[in-house]
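Commentary on secondary and tertiary structure
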Amino acid sequence: MSDSLNLRRIALAAYAPTLLLSTGHGAVLPLVALTARDMNASLEAAAFLVALIGVGQLVGDLPAGMIASRFGEKRALVGAALIEAAALLLCWQATELWMLGVGVFATGLAGAVIGLARQAYLTEVIPAHQRARALSTLGGVYRIGQFLGPLLGALMVSTVNLSAAYAAAAVLSLVAGALTAALPDVEGRAPRGTVRGPGMIEVVRSRWQALATLGLGAMVVQLGRAARLSVLPLWAQEVGLGPEMIALIFALAALADMSMFYPSGAIMDRFGRFYSAVPTLVVLGIGFAILPLTKGALAVTLVAILLGVANGFSAGIVMTLGSDTAPVNARAKFLGAWRLLTDAGNAGGPLIVSAVVALAPLWSASLAIGVVCWLGAAWFTRWLPRRPGAVRMFDDDEGASA
């Protein structure tokens, strides 16, 4: 598409659904375990039900790429939003644990399709020199929704009941689907089904270098982000802070996080992806390394804000690197493989924390994650170019500017 594309034409229809969907996710995610406990589930069963969201995303990543490739990003987005709404309504009406589990798992599956399809769509319609800003804004909008969601959930629980939050999230999903239907179609594309692209195995084989180098680094970014959400509250509790103070600390960190998404995208587009990815991992590593030295609320808050700034500074980097290296003729399929790899990092962060804590003190888990982040920074220093604009590892990447 031409660089003169009017971005405002797609901004509302592209970002508003993301805000609605992420607000819905933020509203219900903290309530899944509570809902399960209300159904007399054990602590282990409640934790498993929460994990089903991530499991659904992992299971759905590769099929999501094929669905978006087969039906188109716009149709995939609308269909996934409708499926998510149905899954949330099932959670709303669930009377048995298995019903709640099915609904939660289906929400994860739909989320995989939504995440991939909206990334692929923006990659198609945004010129390459504006891609990082567009995708970092997408990440920023998601963060805003995650901040607003718990407030919506608390409102529904306090004014109606616990299950009402699922119904509210379902309504948001339906509205998001309707707004997505208003997205402009991608111009200049052959109709679906008229051109047969390469299969998933062929795509992965042709792009294994990108997955093994930049993909591995992106996985470490996701690992550090996820570990932050495990280590920080556990350490705050370790030094004697109460739930209210921990919630306040997270709110302040979230505000710092949200403030950084636009600078992240602007720096990536103007100077290069390197100058977002490497500083992010260095600062995350510093935050994890000094967290065990904190003893009071002020010190923990300052480190939490530091981690939030680092996390916000990386807004969009994982999506941007995936979009940069995706082949033009099989973008959605490649992004399915890319997201499977990076979502594994998202799941791996808490698992590493859990494994280390089972054998050693909590401070050692924080330090271990910090070291992993520094290794990720060194890995990106080896493989990530320092030049401005999109990363180009293959001959057809110039054409990916679309």
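Residues numbered from 1 in each chain as written. Predicted model: local features only at pLDDT ≥ 70, side-chain atom pairs only at ≥ 80, totals over all residues. Heavy atoms only, no water.

1. Description of the overall build of the chain
If you tally the helices and strands in the chain, you get 16 helices and 0 strands. For the chain, with 402 residues in total, the buried portion stands at 53%. Across the chain, contacts joining residues at least 24 apart in sequence account for 86% of those joining residues at least 6 apart. Summed over its atoms, the accessible surface of the chain is roughly 17,000 Å², and 69% of this surface lies on carbon and sulfur atoms. (Helix = DSSP H or I, 4+ residues; strand = E, 2+ residues; numbered from the N terminus. Buried < 20%, exposed > 50% of the residue type's maximum accessible area, 1.4 Å probe, protein only. Contact = heavy atoms within 4.5 Å. Areas by Shrake-Rupley, 256 points an atom, 1.4 Å probe, with all protein chains shown as cover.)

2. Concerning the pattern of salt bridges
The final tally for this structure, using the stated rule, is 6 salt bridges. Asp269 serves as the salt-bridge partner of Arg133, at 2.9 Å between the closest nitrogen and oxygen. With Arg133 in helix α6 (residues 131-159) and Asp269 in helix α11 (residues 261-270), the pair connects residues that are 136 residues apart, well separated along the chain. Judged by relative accessible area, Arg133 falls into the partly exposed class, the value being 27%. (Salt bridge = Lys/Arg side-chain N within 4 Å of Asp/Glu carboxyl O.)

3. What about the environment of Arg225?
When you line up the elements, Arg225 lands in helix α9 (residues 208-238). Apart from residues no more than four positions distant in its own chain, Arg225 is found in contact with Arg143, Asn311, Ser314, Ala315, Gly316, Ile317 and Val318. Side-chain polar atoms of Arg225 contact the side chain of Gln222, separated by 2.7 Å. (Polar contact = N/O pair within 3.5 Å; in protein donor to acceptor, adjacent residues only side chain to side chain.)

4. Some points on the packing of aromatic side chains
Tallying each qualifying case throughout the model produces 3 aromatic pairs. Plain terms: the ring middles of Phe334 and Trp338 are 6.0 Å apart, the flat faces sit at 35° to each other, and that makes the pair tilted. Of this pair, Phe334 and Trp338 both sit in helix α15 (residues 331-359), separated by 4 residues, roughly a single helical turn. There is no split in this pair, since Phe334 and Trp338 are both buried. Ring geometry for Trp379 against Trp383: centres 5.9 Å apart, planes inclined by 55°, an arrangement best described as tilted. In this pair, Trp379 and Trp383 both sit in helix α16 (residues 362-383), 4 residues apart, roughly one turn of the helix. For Trp379, a relative accessible area of 31% translates into the label partly exposed. Arg70 extends its terminal NZ or CZ atom over the ring of Phe71, reaching a point 5.1 Å from the ring centre. Here the basic side chain of Arg382 rests over the ring of Trp383, its NZ or CZ set 4.0 Å away from the ring centre. (Phe/Tyr/Trp six-rings, centres within 6.5 Å; stacked < 30°, edge-to-face > 60°. Lys NZ or Arg CZ within 6 Å of the ring centre and 35° of its normal.)

5. Side note on the nonpolar core
Counting residues in hydrophobic clusters, the biggest one holds 76 residues, and the most contacted among them are Leu122 and Phe380. Element by element, the count of residues in this core is highest for α9, at 12 residues. Filtering out sequence-adjacent residues up to four positions away, Phe380 remains in contact with Leu214, Gly217, Ala218, Val221, Phe274, Ala277, Val278, Leu281 and Leu321. (Core = buried A, V, L, I, M, F, W, Y, C linked by side-chain atoms within 4.5 Å.)

6. Concerning helix α5 (residues 97-125)
End to end, α5 covers 42 Å across 29 residues, agreeing with the expected 42 Å (1.5 Å per residue, within 8%). The element α5 is largely enclosed, with a buried count of 24 among its 29 residues. (Expected span 1.5 Å × (residues − 1).)

7. So, the confidence of the model for the chain
Per-residue pLDDT for the chain has a mean of 84; in total, 90% of the residues score no lower than 70. By mean pLDDT, helix α10 (residues 243-258) is the weakest element of the chain at 80, and helix α12 (residues 274-290) is the strongest at 95. Within the model, pLDDT remains below 50 along residues 1-5, and this stretch shows 8 contacts once partners closer than five positions in the same chain are excluded. The model gives residues 398-402 a pLDDT under 50, and that stretch makes 16 contacts with residues more than four places away or in other chains. (pLDDT = per-residue confidence, 0-100.)

8. Focus on a nonpolar patch on the surface
On the surface, Val282, Ile286, Ile290, Leu293, Trp363, Leu367, Val371, Trp374 and Leu375 cluster together into a nonpolar patch covering about 800 Å² of accessible area. By the element assignment, Trp374 lies in helix α16. The exposure class assigned to Trp374 is partly exposed, which follows from its relative accessible area of 35%. (Patch = residues over 30% accessible without salt bridge, like charges linked within 9 Å, V, L, I, M, F, W, Y side chains within 5 Å.)

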